[in-house]
Each structure stands twice: as C-alpha cells, then as structure tokens.
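# Understanding the architecture of this molecule
What follows is each chain in one-letter form.
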Amino acid sequence: MEIKRERYTPNDVGPSPTEWYAPRLSEVSTLISNGFVGTATPFYTDDSGVPYLYGMNVRANKLDPKGIRYITQEFHDAQAKTALKDGDLLTVQSGHIGTTAVVPPEFEGANCHALIVTRLKKDKANPNFLSYYINSEIGQARLRGLEVGSTIVHINTKDLKKFRVLLPPLPEQKKIAQILSTWDQVITATERLLENSQQRKKGLMQQLLTGKKRLPGFEGAFNSQALSEAAIITMGTSPKSSAYNSKGDGLPLLQGNADIEGRRSRPRVFTSEVTKVCQPGNILLSVRAPVGSVAISDHEACIGRGICAIEAKHGTDQEFLYQWMLWYEPRWANLSQGSTFESVNSSDIKNLLIKLPDISEQKAISKILAVSDRESELLRIRLNRLKQEKKALMQQLLTGKRLVQVDTEAA
C-alpha cells in the first residue's frame, strides 16, 4: 500500500513489517533538550575555547565545521545540560527545520545554540539509523506536521518528544546505517573528484585564456579588441506580457538568469510576439541581477531584456569565446549598475576588451577546455545518479520494503 508523502502526520509512520515498531522519540531517548537560546556573542572566544555549533554547522547526516564558533569554559559549564556526547543527535529547530546530524567523537564536549539535542538509549535506537530516517523524504514530510509559528516557523522539543519513529530491531538498524554510510562515502568521493576537476579547469582557463601559458607550437602576442569587434551582440527586448504563455505555444522566451540554469537554456514561458531572437549555439549572457550567468542556447528563442545573445564573427572561434565568457563570469558583477534592478549596460558589454590569439590557437585552447568540461559533466552525471539511487534505496530500507540480512554473530 502506498501513502502519499504529503499526507504523513507525526503519528503516521506508514506501512512497515510486523517486527518493526514505532515508539515515540522520548521512549527511546534519555534526553531531548534545547541548546542555549539567546545572545551568546558576549561569550565568544578564540579556538582555545569550547566548540559551539549553530544550525549552519548541521547538514543532513554530517556536521560541517566551517565557520564554527567557540565559547568560554564558564559559559559552557552554565549550559552543562547540552554538553554534547558522541552519538547525540542534533536537529535544526528553525531555518532548515528537521535537518539532523550525529555528533562524531571529535565534537564530544562541545555545545550548541538553538539546536535540539537528543540522546538515545543505546539498546533501543542507533543514532545513525535515526539520522538517516529523520533526513529522509518520509521523515522530513512527517516533521513538517510539527511546525509551529507564523513569523519564525520552528519545531518545539515537547512536540518532537511525541514524534513517532519507525524502528526495526537494533541489528537491522545498524546494518541499514552501514549500507547508507557506504553510499555516502562514494558520493563524497565523487563530489571531491568533481570539485578537483572544476578547480583544474579554472587553472587551465586562467593560464590559457590570458596567454600566461602557451600551447606547444604557438607564439605571438594576443590581440586586444572590443567584444563587439569579435562578436555580434544582440541585446534582448521583452515582448508584451499579454503574449506570454506556459503551454508551449509560440517561441520559447528567455528573460534572465533563471532561464539559463545549468549552462543550458531552460525557458519557463513562451511568447507569441517575437522581438529579438537567438539561434541554437548562441552564447547567452544574463545582464540583470544576478548578472553574469553564461549558457549556450539549445534552440531558437525570443530573448527578453534580461538576456543578450552573442555570436562569434569571422576570425573568432565560438567555443573559445564561450570559454572566455565562462572565465570572465565572476567579473560581470563589477560592471553592474542600478539600485533597484542591477544590470549591465549594453555599452559596457560591447566595449569590453577581450584578448585573442590567432584562430588556430583559439581552437586548440577551446578543444582542451571542452575536454575538461566533458570530464566534469560525466562526474556530475555520475554524482546525480548516485544521489538518486541512494534516495530510492532509502525509501525501501527505511520503511522495510526491502529487508536486510543480518549476520547473527556480528549482531
């Protein structure tokens, strides 16, 4: 039997195997308490103090030490109730509500700010299993039933204590947590590979597109010229809003950053009134806040005021120009103007100086950078696939639709 996720309530754990049970969280824990709520800044100190965790340090199933604060020993002692222990659960109370992580050994003795601390009975519940369950699609959907408040939405400890959790026998909890942890390790390793690939690409761009490093067999100075000399630049003009529709009738309409997400054109609406048009393969530049996003057009489209289309002229390689635009992307913000709607003026775009080697070197450089892009894209595809497969596996393991075999001796 399938239950729609949005219909889950704090007391409705859904169908499960008969040997699983659904106790209230308070029944499998010895402590459910709030970290300090108030102004802690007077008690900050240097890294010789006690680590002090905020919601920003809590990610799904892991703690992120980036930007960690430290507090005095005296303030920590005054908050002794929430002095953290290895295996405690930390749950975000407001903001990214419900996001939960397990306290690792290196943070034993730390403290926390406005987080819910849950200390489990070790003979009843495995913290890693419960962290995976709470962060799962089902757990998060059910936690939304605990949200209170209008100005600042949050969850209360008294409600979390009543929250039912779905638990298999303890050996199965540990086995499921181990399986999902292995998936997380593979995902983390792939994320690092992707990050390293992207950093290598940035290094190559900085060297090759500026002439700091030359490819074998090429020499001679890079020539500076205005972007308008190297390319045809078409500034978008928005059609009448009455011509918009989302049914796919007319020409795709690109209006800004949101329509060129992920380096490709992603139109959200269509228009029956054609103004300025881009062609497949044109470089698209977002000229309104947030400015600077760059993409390639997948199809003929109408471009609104938030977009300009760029097509290389004879003597300029389109792929080289695209790579140069990607390299320049973070710098567009320096050219943006306006207080209400930040944008880049057409004159600034057209007069922007670009340095170009001869066409043969442009093509050689763009080929190398395209290979690097392909490497990153393959890693990105692999990462997305791993995340989707893990998500599907979680749905099965955490509800008992797929049971695990437990080694009797290990259990």
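This text goes with the structure placed above it.
These notes cover the structure that comes with them. Worth saying up front: this structure is predicted, and the values here are computed from it rather than measured.

Our focus in this paragraph is the packing of aromatic side chains. Enumeration according to the criterion identifies 8 aromatic pairs in this entry. Ring centres of Trp324 and Trp327 lie 5.8 Å apart, and the angle between their planes is 55°; on these two criteria the pair is classed as tilted. Of this pair, Trp324 and Trp327 are both found in helix α7 (residues 318-328), 3 residues apart, which corresponds to roughly one turn of the helix. The same class applies to Trp324 and to Trp327, which are both buried. An aromatic cluster is present here, built from Phe36, Phe43, Tyr52, Tyr54 and Phe75 joined pairwise through their rings. The cationic tip of Arg331 hangs over the ring face of Trp327; the distance from NZ or CZ to the ring centre is 4.2 Å.

This paragraph deals with the pattern of salt bridges. A complete count under the given rule lists 15 salt bridges for this structure. Of the charged contacts in the structure, one is a salt bridge between Asp298 and Arg266, with a shortest N-O distance of 3.5 Å. Separated by 32 residues along the polypeptide, Asp298 in the loop between β17 (294-296) and β18 (301-303) and Arg266 in the loop between β13 (251-254) and β14 (269-271) bring together distant segments of the chain. When the shortest N-O distance is used, the salt bridge between Glu389 and Arg385 registers 3.8 Å. One end of the pair is Glu389 and the other is Arg385, both in helix α9 (residues 359-397) and 4 residues apart, which spans about a single turn. A relative accessible area of 36% places Glu389 in the partly exposed class.

Judged by how many residues are buried, helix α2 (residues 127-135) sits mostly within the fold: 8 of 9 residues are covered. Of the residues making up α2, those classed as buried are Pro127, Phe129, Leu130, Ser131, Tyr132, Tyr133, Ile134 and Asn135.

Attention shifts here to the side chain of Glu329. Relative to the elements of secondary structure, Glu329 occurs in the loop between α7 and α8 (346-351). Of the polar contacts made by the side chain of Glu329, one reaches the backbone nitrogen of Val294; its length is 3.1 Å. Beyond its immediate sequence surroundings of up to four residues, Glu329 is in contact with Arg263, Gly292, Ser293 and Val294.

Turning our attention to the sheet that holds strand β19 (residues 307-312). Reading across the sheet, the 4 strands line up as β11-β19-β16-β17 and stay open at both edges, with antiparallel pairing between neighbours. Two strands bound the open sheet, and with one partner strand each, they are β11 (231-235) and β17. Within the sheet, the average angular offset between the axes of one strand and its neighbour, ignoring direction, is 25°. In this structure, strand β16 (residues 283-286) lies alongside β17, joined through 3 bridges in antiparallel fashion.

Our next topic: the nonpolar core. Core analysis: the largest hydrophobic core is formed by 34 residues, its most contacted members being Leu285, Ile310, Met325, Trp332 and Ile349. If you tally residues by element for this core, the top one is α7, at 8 residues. If you look at the next biggest cluster of nonpolar residues, it comprises 33 residues, including Trp20, Ile97, Ile134 and Leu167.

About the criteria used
- Residues numbered from 1 in each chain as written.
- Predicted model: local features only at pLDDT ≥ 70, side-chain atom pairs only at ≥ 80, totals over all residues.
- Heavy atoms only, no water.
- Phe/Tyr/Trp six-rings, centres within 6.5 Å; stacked < 30°, edge-to-face > 60°.
- Helix = DSSP H or I, 4+ residues; strand = E, 2+ residues; numbered from the N terminus.
- Buried < 20%, exposed > 50% of the residue type's maximum accessible area, 1.4 Å probe, protein only.
- Lys NZ or Arg CZ within 6 Å of the ring centre and 35° of its normal.
- Salt bridge = Lys/Arg side-chain N within 4 Å of Asp/Glu carboxyl O.
- Polar contact = N/O pair within 3.5 Å; in protein donor to acceptor, adjacent residues only side chain to side chain.
- Contact = heavy atoms within 4.5 Å.
- Pairing = 2+ DSSP bridges.
- Axes fitted to C-alpha atoms, helices over the stretch in contact; angles between N-to-C directions.
- Core = buried A, V, L, I, M, F, W, Y, C linked by side-chain atoms within 4.5 Å.

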